[in-house]
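Structural overview for review
These are the residues of each chain, in order.
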Amino acid sequence: MKKTILSVVMILAAMAVFAQKDMTFTVEGPENSYNQVRVVNETPYTDFHCRVVVLNDDKTVKEVYGDYELKEKGDSDSNTKGCKKDRIKKGEQLGVKFPKKFQHDLSFYVEYRDYPAFDVIVIHLTDENGGYEEY
């Protein structure tokens, strides 16, 4: 019995480690809806892909908003009207997913921009271990 319980705990812990690669957030910007999602690479990693998805309340994938290709640090990729819906509404859940072969731990922050033709959700990918050393 102890081995079974220990096995279940180890499986749950492993699932938590793999799940941390997927990042989720609730759209909370000043606009009621957004018609573009942009991803910016602020990591030292190059030539990778990620996917932005719209999530259900239980965090399962409702639909794919778009795939993004990031070449180098500072690169960005945008997607407008990537899914069946025209706009992402305030209060909806979005997630960022990475290919299984992508083995780096990243974090992120989100900003909201209002342009004349677009209301944009900007997802900045950052290196989880990034930062600088103080003197």
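Moving on, we come to the nonpolar core. Core analysis: the largest hydrophobic core is formed by 22 residues, its most contacted members being Val52, Phe98, Ile121, Ile123 and Leu125. For this core, the secondary-structure elements that each account for two or more residues are β1 (23-26), β3 (36-42), β4 (48-55), β5 (61-70), β8 (93-97) and β10 (119-127). No other element matches β4, which puts 4 residues into this core.

A few words on the sheet that holds β10. Ordered by their spatial adjacency, 4 strands build an open sheet running β6-β3-β10-β9, and the pairing between neighbours is mixed. The sheet is open, and its two borders are formed by β6 (76-80) and β9 (106-114), each paired with just one other strand. Here the strands of the sheet are splayed against their neighbours by 20° on average, with no regard to which way each runs.

On to the pattern of salt bridges, then. Enumeration according to the criterion identifies 4 salt bridges in this entry. The residue aspartate 67 makes a salt bridge to arginine 51 at a minimum N-O spacing of 2.6 Å. Of this pair, aspartate 67 sits in strand β5 while arginine 51 sits in strand β4, and the two are 16 residues apart along the sequence. Its relative accessible area of 43% is what places aspartate 67 among the partly exposed residues. For arginine 51, a relative accessible area of 36% puts it in the partly exposed group. The closest approach of N and O atoms between arginine 113 and glutamate 111, which form a salt bridge, is 3.0 Å.

With that out of the way, let us pick up the confidence of the model for the chain. For any part of a model where pLDDT is low, the fine detail of the predicted coordinates should not be relied upon. When pLDDT is averaged along the chain, the result is 81, and 74% of the positions lie at 70 or above. In this model, residues 1-20 is a region of pLDDT below 50 whose contacts with residues beyond four sequence positions or in other chains number 1 contact.

The next thing to look at is the packing of aromatic side chains. For the structure shown, the criterion picks out 6 aromatic pairs. An angle of 90° between the planes, with centres 6.3 Å apart, marks the rings of tyrosine 45 and phenylalanine 102 as edge-to-face. One end of the pair, tyrosine 45, is in the loop between β3 and β4; the other, phenylalanine 102, is in the loop between β8 and β9, with 57 residues separating them in the sequence. Residue class for phenylalanine 102 comes out buried when judged on its relative accessible area of 8%. Between phenylalanine 48 and phenylalanine 98 the ring centres are 6.5 Å apart and the planes differ by 45°, which places this aromatic pair in the tilted class. One end of the pair, phenylalanine 48, is in strand β4; the other, phenylalanine 98, is in the loop between β8 and β9, with 50 residues separating them in the sequence. On the basis of relative accessibility, which here comes to 4%, the residue phenylalanine 48 falls in the buried class. The rings of Tyr45, Phe48, Phe98 and Phe102 are connected pair by pair, giving a single aromatic cluster.

Rules used throughout
- Residues numbered from 1 in each chain as written.
- Predicted model: local features only at pLDDT ≥ 70, side-chain atom pairs only at ≥ 80, totals over all residues.
- Heavy atoms only, no water.
- Core = buried A, V, L, I, M, F, W, Y, C linked by side-chain atoms within 4.5 Å.
- Buried < 20%, exposed > 50% of the residue type's maximum accessible area, 1.4 Å probe, protein only.
- Helix = DSSP H or I, 4+ residues; strand = E, 2+ residues; numbered from the N terminus.
- Pairing = 2+ DSSP bridges.
- Axes fitted to C-alpha atoms, helices over the stretch in contact; angles between N-to-C directions.
- Salt bridge = Lys/Arg side-chain N within 4 Å of Asp/Glu carboxyl O.
- pLDDT = per-residue confidence, 0-100.
- Contact = heavy atoms within 4.5 Å.
- Phe/Tyr/Trp six-rings, centres within 6.5 Å; stacked < 30°, edge-to-face > 60°.

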